[in-house]
Amino acid sequence: MSEQSISKNTLINWLGDGEELAVIDIRPVDDVGYASPLFATNLPADRLDAELDRFVPRRSVRTVLVDDGTEVARQSAERLKAKGWSNIHFLDGGIPAWIKGGLENLPTFDIPGVPFVQKVRAEKNTPVVFARELEVWKEAGEDVVVIDTRTTPEYEKAHVPGAINVPGAELLLRFADLVPSTETKIVVSCAGLPRAILGAQTLIDAGIENRVSYLHDGTRGWTDDGFDLETGLFEIYRPASADAKRFAEARLETFSKEDDLVFIDRSTTERWLADKERTTYFLDVRTPEEFAASHIPGSISSEGGQLLGVAYRTIAVRGARVILVDDLLGARARVVAHWLKRRGFEIAIHLHDFEQAAQVAA
């Protein structure tokens, strides 16, 4: 066993020692599926050299590569060590060794989304609607809006007929433009549970007057009950109006009142990013379109709704600081911070005047 090889027991200890740690599942994307058994970042071996710096910004961080039990992780670790990764390791036996004996009572890198939202649902008693009940409402012509909180590509592939696509972090910002009446019933959907429950509870915690619920098992529950899904970009979010922004600003006071949020200025941001002793992620939680139009150099586009459900796909270092970048209203950053702080992440928010920056650039 080489000095870079670590055992399953060692990884278990490292996952609980409170120090910075990166765990990278280097198997092909199709092999990993929705999530690694470790709920660790999936970065296939053939992309490691080009992209690992993005996911693990400091090369001195303990980094563990996990493969399918072949020699790929060992070979990758040796290659990366030669390129300057001073604390690179691989799990002896890979995923087969990790799951041997079952996953019960094993720690994970990130908190799986389903258990987390199940706790939220139990604590908050989040209202639920089943597919057949929703169909009855629609057939009766009731005033009901279905909001799909997934990414636009996911929505385009298949969604509940008539649903409007509003990724989870955008809900408060866009709500008033989509739902002008407090009498409208709101049903929040995703593909399964996590983003729908968090979306519904976000609206409820913000004091939205409408009757809000989540769709049980989302699109999966819809098809399980024998209903067909719709495909295509039928109805998606649009730029928020001034009225929608004022509505969101007022509701954010209620939503964030107990969050103890940390806001940092540009000089603090730059100091944190330059800190050689801590890992800091600088994540822009606005929409991909907004990021493409204008962003702060060095920031990474990380759509807020995705961070809510699958943070491990972006945040590969456990124990890192996370700076969320948003516009001056900060609606998306506040929503993301609200939930990620409850999952143990160290969060700060940096607000930036993108409109003024665009005018200066022009």
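Up top is the structure.
Colleague: Mind showing me how you'd approach the packing of aromatic side chains here?
Modeller: Considering all chains together, one arrives at 3 aromatic pairs under this definition. Note on Phe-39 and Tyr-312: the rings are 5.7 Å apart at their centroids and 85 degrees apart in plane angle, and the pair reads as edge-to-face. Of this pair, Phe-39 sits in the loop between α2 (29-32) and β3 (41-42) while Tyr-312 sits in the loop between α15 (304-310) and β13 (317-318); the two residues are 273 residues apart in sequence, bridging distant segments of the chain. Each member of the pair Phe-39 and Tyr-312 is classed as buried. Taken together, a centroid distance of 4.7 Å and an interplanar angle of 40 degrees make the contact between Trp-222 and Phe-227 tilted.

Colleague: I keep staring at the pattern of salt bridges and nothing clicks. Help me out?
Modeller: When charged atoms on two side chains of opposite charge get close, those side chains can pair. As enumerated under the stated definition, the model contains 30 salt bridges in all. Note that Glu-20 and Arg-278 form a salt bridge whose closest N and O atoms lie 3.3 Å from each other. Here the residue Glu-20 occupies a position in the loop between α1 (8-15) and β2 (21-25), and Arg-278 occupies one in the loop between α13 (266-274) and β11 (280-284), the gap between them amounting to 258 residues. Residues Arg-74 and Glu-78 are paired through a salt bridge, measuring 3.0 Å at the closest nitrogen-oxygen approach. Residue Arg-74 and its partner Glu-78 are both found in helix α4 (residues 72-82); the two are separated by 4 residues, about one turn of the helix. For Glu-78, a relative accessible area of 37% translates into the label partly exposed. A single salt-bridge network, built from bridges that share partners, covers Glu-170, Arg-174, Glu-290, Asp-326, Asp-327 and Arg-332.

Colleague: Looking at this model, I keep getting lost on the environment of Val-61. Mind explaining?
Modeller: Among the secondary structure elements, Val-61 is positioned in the loop between α3 (48-55) and β4 (62-66). A C-alpha to C-alpha distance of 9.3 Å links Val-61 and Glu-277, two positions 216 residues apart in sequence. Those residues in contact with Val-61 that sit more than four places away from it in its chain are Glu-20, Leu-21, Ala-22, Val-56, Asn-87, Thr-279 and Val-317.

Colleague: Even after reading the chapter, I still don't get the layout of surface pockets, so can you show me in this structure?
Modeller: Summary: where empty space remains is shown by rolling a probe the size of a single water molecule over the atoms. When its volume is computed, the largest pocket comes out at roughly 450 Å³. Residue lining of the largest pocket: 18 residues in total, with Lys-245, Glu-290, Asp-327, Phe-354 and Glu-355 positioned closest to the centre. Only α9 (171-178), α14 (288-293) and α17 (354-361) provide two or more residues apiece to the lining of the largest pocket. If one sorts the elements of the lining of the largest pocket by residue count, α17 sits on top with 3 residues. Residues that form the lining of the largest pocket fall into these classes: 8 nonpolar, 2 polar and 8 charged.

Cut-offs applied
Residues numbered from 1 in each chain as written. Predicted model: local features only at pLDDT ≥ 70, side-chain atom pairs only at ≥ 80, totals over all residues. Heavy atoms only, no water. Phe/Tyr/Trp six-rings, centres within 6.5 Å; stacked < 30°, edge-to-face > 60°. Helix = DSSP H or I, 4+ residues; strand = E, 2+ residues; numbered from the N terminus. Buried < 20%, exposed > 50% of the residue type's maximum accessible area, 1.4 Å probe, protein only. Salt bridge = Lys/Arg side-chain N within 4 Å of Asp/Glu carboxyl O. Contact = heavy atoms within 4.5 Å. 1 Å grid on protein atoms, 1.4 Å probe; cavity = no way out; pocket = protein on both sides within 12 Å on 5 of 7 lines; lining within 4 Å. Points joined across faces, edges and corners; volume = space filled by probe spheres on them. Nonpolar A, V, L, I, M, F, W, Y, C, P; charged D, E, K, R; others polar.

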